[in-house]
Amino acid sequence: MSKNTKVVGHDAVRIDMEEKITGAALYTDDLPFGPNLLHMSVLASPHAHAEILNIDTSEAEKFPGVMAVATGKDYPQKFGLYLQDKSILPVDRVRYVGEQVAVVIARTKEIADEGCKLIKVDYKILEPILDVRDALKEDAVLIHPDLGDYQVIPWINPQPGTNISHIRKIRKGDVEKGFEEADFILEDEYHVPHVVHACIETHISVARYDYTKRLTMWNSTQSPHTQRHIMANALGIPHKDIRIIAPYVGGGFGGKAGISMEALTVACQKVPGYPVKLRWSRKEEFLNSSQRQELRATVKMGVTKEGKITALRHIMHWDVGASAEYGNNVVNATGFSATGPYYIPNVSIDSVGVYTNHPPCAAYRGFGYSEFHFGIESHMDRIAKAIGIDPVEFRRINAIKTDDEVAYKCHMNPSGMLECIDKVAQAIEWGKEEVSDDPDIVIAKGFASAWKAPAMPPNAGSSVFIKFSEDGSINVLVSGMEIGQGLHTAVAKFASEILTVPLNKIRVELPDTDRNPYEWQTVASHETWELGNATIRAARDARAKIFDVVSRAFHLEKESLYLEDGKVKDDLDPDFALPFEDFVITGIQTEFNTWVGGPIMGIGSFIPEFTNAMVDPDTGMGGHPNVHYTVGAGAVKIELNKKTGVVRVVKMAEGFDCGKAINPDLVKDQIVGGFIQGLGTALYEVCIFDDKGKMLNTNFTDYKIPTILEMPDEMIPIIVEVPQPDGPFGARGMSEHTMIPVMPAVANAIANAIGLRIKDIPLTAEKVALRPLQKDFVAEK
Amino acid sequence: MVREIEFTLNGYHQKVSVKPGEKLLDVLRDKLGITSAKYGCGKGECGACTVNLDGKTVRSCLMYAVEADGSVIETLEGFQRLGKKEIQEIYQKHNAFQCGFCAPGFILSTDELLSQNPDPDEEEIKEALAGNLCRCTGYKNIFSAVKEMVEIRKGRES
Ligand code: FES
Ligand code: FES
């Protein structure tokens, strides 16, 4: 159906670009709130694990300029997305360093900060648990003793009486038999530490409650409707009386999905009529938004000497931190998918979420797939070498193909896996040896494949309103968030393609839960697919209304009408051409001087009607948890300095099967951006904690993210297009995926360079320089 | 305690009262309605708060407002008035930004680079932009846009 598209599939300037380069784009902190704006500060826990014995706020309340103080006594209710294990403010226990204990609302930020210093908290310090292996011991202290009382959705399985927040198990085939059939088996452990999103805009929320009991919030968020829903349930306010306005977001990457610090500004209820602003400092952003889960994985894989994988046992222990509400879905999603993009007949997966006294963890671009691919894709290289097959060929042999059975026994959607592998291998010139003129430098290449499915509830919905104006231009109202990924440009293109309105006559409006229709959340790389489908339905709805009124007014056959260049045309009458501006608001005057029609609007909504999350908890079978997978591959060429251990990626190639690139340029931009974000996590990003659970590197000097200096000299983004039958013009999502192959590709390149197999991220210069000097070092061949 | 300072902001003369500890970023944002200079870290590490002061970029989050007394300040808001639209247009053409939060800082740093060095080589471009963090783009389009700006300027001169 996308054969002769005019807009879809062609490059365009992003529709938000002009606003962003002129400064017209407003982010939450840029909005004016007038002289009665108040500021909030947060008293943070200095302890990773402690009982709260008493909180004395009396001095703070007396401090001039302080308007209100709130503690857990004011907000005893728990909340959360998949499991309600989070406190707005804790009542009796703190569970990580940096956790909010009390908030102060004051005339200025300085006064609010002073107020916080006057709050006295008595703690009984408990031993912190900072390692999943300790948390899983029989006699471990329970971080959530009341786990059994928390509300949870039906397909999440917390284990009361333990520190386990959720388990997802897959049991397919017979793994023991699979290992017996194998000629070679490799088992090993891999570790990926906590990292952070590091959006350049920190979290920010402004909230106002008024005497009509209406709560209005301006949040930097990927999830306005989900926040409204959580807030309505937690506070007992009707949904219609909560209004969440989402201005532009300065980077999300999952960090602004769901709800985190936005729950605190609801303390504005104590000062009705005043807007109250809370903006995280960079340090607070590190500690108290959300981090990426730490993963300890054990991978056991068996293969035949011909290179066929016979069995996989994959045990993943996720450090979800002090609360798992959203992070539990990371545990869940990876449980279904931790085979990697391969057909494997016998599979056993245990994906286990484990509470610790680290900061809470939740969604981060890749949603757990980056972490488990590090182990799987490191393993793929090691096994290939051990059985004497080229690592790229080994991946080809096992690559998941269209209709292959995945781990939960559903069938794979159309898959361009082989094409991705081949094109990336070709782009990186796989197999071509290169030698540096500098004797200290080793040049090597590394490869990794990847896949990912959107992780979302089976009934996650998207909806769209399209409304015309007098001049035939349109405003598209969505609550899918433009977080930089280019979503609104894609939405505009879908509307443009079907309604034949040029892009410069289309605006796509940022979310406002009062006015824009429902959207579950902008996460999971599902929006191009799902909101795209809803947009197409809305555009078709508007088109049907246009045909209806035109056919009634002019007595024409609806079936012979079509749209072209913003006009209604008639197959049967080549001279008929009615521009939109002639009727989309006013309607059409009939021969009797009456009018038919009226303002044209289109509505469209979408949920996937074939998914089912209710699987057997012991085997993971019986459901259809994912809508589809997007597959791809990535490769790097590195220059490794043997003296300093410094690894520089000089070239990269990544290819993903996005079904149909709505905007080829923007797809490539996602590949480049995701790659560089992945490169930071591969080489040096890591949250460093002391033995009391305090994070030590909460700034960009000690927690480095890539700068322009780390950009490889050559970057080759590759688009593969095997259409998704139920996708808009065949599209499926690809933005998160681009980060996934990077850690293992670089690790594999290091192993190929000097035989050093690093199983512990990040792949720092120290590890590279020092490990080969140790006595027991055996080079991987 | 409170002191009145004066400076030129995007071509307009401004007078504003500031406290001794107040940072230029906060005065620009909260007292003068400048929103292009952003808070990203408050510690001089990210470049989101970049403004131009007397011809050089500064991190307005590190600078005390009183230090700006008597200076000439330019921010992104003044670009079109000050005839610097071209940098913006070329960045736009390259789809150089994604979330856009870092864009003002990059545009200011680029403007400084091009006004001081009309013909920077690739390393000089990277060096000039290395203090601006972008988490979204991977820098590729930012880099190619600046290279094009340099080419255009060279073409005009020859
Ligand atoms: S906010 Fe000034 S450098 Fe980051
Ligand atoms: S475009 Fe998002 S930080 Fe640069």
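Residues numbered from 1 in each chain as written. Chains lettered and ligands numbered in written order. Predicted model: local features only at pLDDT ≥ 70, side-chain atom pairs only at ≥ 80, totals over all residues. Heavy atoms only, no water.

*Asks:* Tell me about the sheet that holds strand E1 (residues 38-44) of chain A, and name the residues and values.
*Replies:* In any sheet, the strands associate via hydrogen bonds between backbone groups, in a parallel or an antiparallel arrangement. Residues and elements named next belong to chain A. Ordered in space as E3-E7-E1-E14-E11-E12-E13, the 7 strands form an open sheet in which the pairing is mixed. Both edges of this open sheet fall to strand E3 (66-71) and strand E13 (242-245), since each of them pairs with a single strand only. On average, each strand axis in the sheet is inclined to that of its neighbour by 20°, with strand direction left out of account. Across the sheet, helix H3 (residues 109-117) touches E1, E3, strand E7 (100-106) and strand E14 (276-279), and the angle it forms with E1 is around 30°. The strands that helix H6 (residues 224-235) touches are strand E12 (215-219) and E13; relative to E13, the one it contacts most, it runs at about 150°. (Pairing = 2+ DSSP bridges. Helix = DSSP H or I, 4+ residues; strand = E, 2+ residues; numbered from the N terminus. Axes fitted to C-alpha atoms, helices over the stretch in contact; angles between N-to-C directions. Contact = heavy atoms within 4.5 Å.)

*Asks:* Any details on the pattern of salt bridges? Residues and values, ideally.
*Replies:* As enumerated under the stated definition, the model contains 63 salt bridges over all chains in all. Between Lys637 of chain A and Glu434 of chain A there is a salt bridge, with the nearest N and O atoms lying 2.8 Å from each other. In this pair, Lys637 of chain A is assigned in strand E28 (residues 630-641) and Glu434 of chain A in the loop between helix H11 (417-427) and strand E18 (441-452), connecting sequence segments 203 residues apart. Ionic pairing is found between Lys545 of chain A and Asp541 of chain A, a salt bridge with its closest N-O pair at 2.9 Å. Of the two residues, Lys545 of chain A and Asp541 of chain A are both situated in helix H13 (residues 527-554); the distance of 4 residues between them amounts to about one turn of the helix. Each member of the salt-bridge network shares a partner with another, and the members are Asp29, Asp30, Lys277 and Arg279 of chain A together with Arg29 and Lys38 of chain B. (Salt bridge = Lys/Arg side-chain N within 4 Å of Asp/Glu carboxyl O.)

*Asks:* Would you mind going over the domain arrangement of chain B in detail, with residue names and values included?
*Replies:* Residues and elements named next belong to chain B. One can read the domain layout of chain B as domain 1 (3-78) and domain 2 (85-157). In this structure, domain 1 and domain 2 have C-alpha centres spaced 22 Å apart. Interface area lost by domain 1 to domain 2 is led by Lys38, Thr57 and Leu76, which between them contribute 38%. There are 0 salt bridges connecting domain 1 and domain 2. Listed by contribution, the elements that provide at least two residues to the side of domain 1 that touches domain 2 are strand E3 (50-53) and strand E4 (56-59). (Domains from an automatic or database assignment. Buried area = accessible area lost by both parts, 1.4 Å probe.)

*Asks:* Give a description of the nonpolar core that names residues and reports values.
*Replies:* The nonpolar side chains of a soluble globular protein tend to be buried with one another. Counting 262 residues, the largest nonpolar core has Leu215, Val568 and Val746 of chain A together with Tyr91 of chain B as its most contacted members. For this core, the element with the highest residue contribution is H13 of chain A, accounting for 12 residues. Among residues more than four places away in sequence, those in contact with Val746 of chain A are Val636, Val647, Val649, Leu679, Ala682, Leu683 and Leu763 of chain A. (Core = buried A, V, L, I, M, F, W, Y, C linked by side-chain atoms within 4.5 Å. Buried < 20%, exposed > 50% of the residue type's maximum accessible area, 1.4 Å probe, protein only.)

*Asks:* Tell me about empty space enclosed by the protein, and name the residues and values.
*Replies:* All names here are of chain A. Per the counting criterion, the structure on display carries 11 cavities of 30 Å³ or more. Taken as a whole, the largest cavity spans an internal volume of roughly 590 Å³. Lining the largest cavity we find 38 residues, and of these Gln485, Ser525, Gln670, Ser735 and Glu736 sit closest to its centre. Of all the elements in the fold, those that place two or more residues in the lining of the largest cavity are helix H12 (487-499), H13 and helix H14 (664-683). Here the element with the most residues in the lining of the largest cavity is H14; it accounts for 3 residues. Of the residues that make up the lining of the largest cavity, three or more belong to each of domain 2 (294-456 + 613-773) and domain 3 (460-606). (1 Å grid on protein atoms, 1.4 Å probe; cavity = no way out; pocket = protein on both sides within 12 Å on 5 of 7 lines; lining within 4 Å. Points joined across faces, edges and corners; volume = space filled by probe spheres on them.)

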